[in-house]
Amino acid sequence: CRRVLVEGVRLIDSTFWMIHPVYCDHVTVRGISLKSDHLNSDGVDPDSSTNVLIEGCQFDVGDDGVAIKAGRDQDGWRVARPSRRIVVRDCAYSGTAGGGMAIGSEMSGGVEEVFCERYRMNEVAHGLYFKSNKDRGGYIRDVHFRDVEIGRAQCPLIVTTDYHGYRGGAFPTRMTDLSVADVRCNDAIVGLSLVGAEGAPLRSLHLRNIEIGRAKTPMRIRNAEGLVFDTVRINGAAMQPVSDTGPETFLDKLKS
């Protein structure tokens, strides 16, 4: 479809992704309210779509408020349609089981040119979640977030190329040129989780003005290159990027 508008509606009790534009161009989703407690009931999932605006939306759902997709594994490579030029702004998330915003894990056609600002969340499993594994291939690049407020989170920011569901492929995702700025979270179990798979490191991730009031574990970092921290504070202390925080097991679902 082209030139799609979804505005001012309320959708209730979907059992899966609630609004799912696929292979679309020029999509506007504005001023909607979504309510569902089902597992995987994402709010809005642009999939291999371009020129998408999502603004002023209220998400009370059982998974991510917004999740950007671009096909899965070989089928995503065959179609080869990336999701690009996507803007998310002035949204709020009030669910508790998922999180505000995700990219992936189905993103094999590529995701690029994403900008998100002014996102408010209360108590979430994860705030921002960029995820892939070595079956997916593709890329996530040129992605920028700013002005995000989170009350409580298991982890406010997760970036990983080692997401669950890996079936033994050898097609790591290229994840590069990501920036996250002006994020505030009051309370977390893990402050930051930045995890690349073996042979598929994260690259060129810039964090600026990140403030996490309390975190049981400040950082989990593994297989990451070119990290830049500019005023990142957790538990009142200034953080600097490290290459590896230790031998602990990294789980896609963080436990309390």
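Everything below is about the structure shown above.
Predicted model, so just to flag it, every value in this text is computed and none were measured.

1. Description of the side chain of E112
Relative to the elements of secondary structure, E112 occurs in strand β10 (residues 111-131). Within the local environment of E112, its side chain forms a polar contact with the side chain of R84, the two groups lying 2.8 Å apart. Residues in contact with E112, not counting those within four places in the same chain, are P82, S83, R84, R85, Y139, R141 and D142.

2. Comments concerning the nonpolar core
Ranked by size, the top nonpolar core spans 61 residues in total, and within it I54, F59, Y119, F130, L194, L207 and F229 carry the most contacts. If you look at the next biggest cluster of nonpolar residues, it comprises 7 residues, including A67, I158, Y163 and V190.

3. A closer look at the packing of aromatic side chains
Per the stated rule, a full pass over the model turns up 4 aromatic pairs. Taking 4.9 Å as the distance between ring centres and 15° as the angle between the ring planes, the aromatic pair formed by F16 and W17 counts as stacked. Residue class for W17 comes out buried when judged on its relative accessible area of 18%. Seen in terms of ring centroids, F130 and F145 are 5.2 Å apart; in terms of plane orientation they differ by 40°. Their pairing is tilted. Placement of the pair is F130 in strand β10 and F145 in strand β11 (residues 139-160), with a sequence separation of 15 residues.

Calculation notes
Residues numbered from 1 in each chain as written. Predicted model: local features only at pLDDT ≥ 70, side-chain atom pairs only at ≥ 80, totals over all residues. Heavy atoms only, no water. Helix = DSSP H or I, 4+ residues; strand = E, 2+ residues; numbered from the N terminus. Polar contact = N/O pair within 3.5 Å; in protein donor to acceptor, adjacent residues only side chain to side chain. Contact = heavy atoms within 4.5 Å. Core = buried A, V, L, I, M, F, W, Y, C linked by side-chain atoms within 4.5 Å. Buried < 20%, exposed > 50% of the residue type's maximum accessible area, 1.4 Å probe, protein only. Phe/Tyr/Trp six-rings, centres within 6.5 Å; stacked < 30°, edge-to-face > 60°.

Remember, this is a structural readout, not a statement about activity or role.
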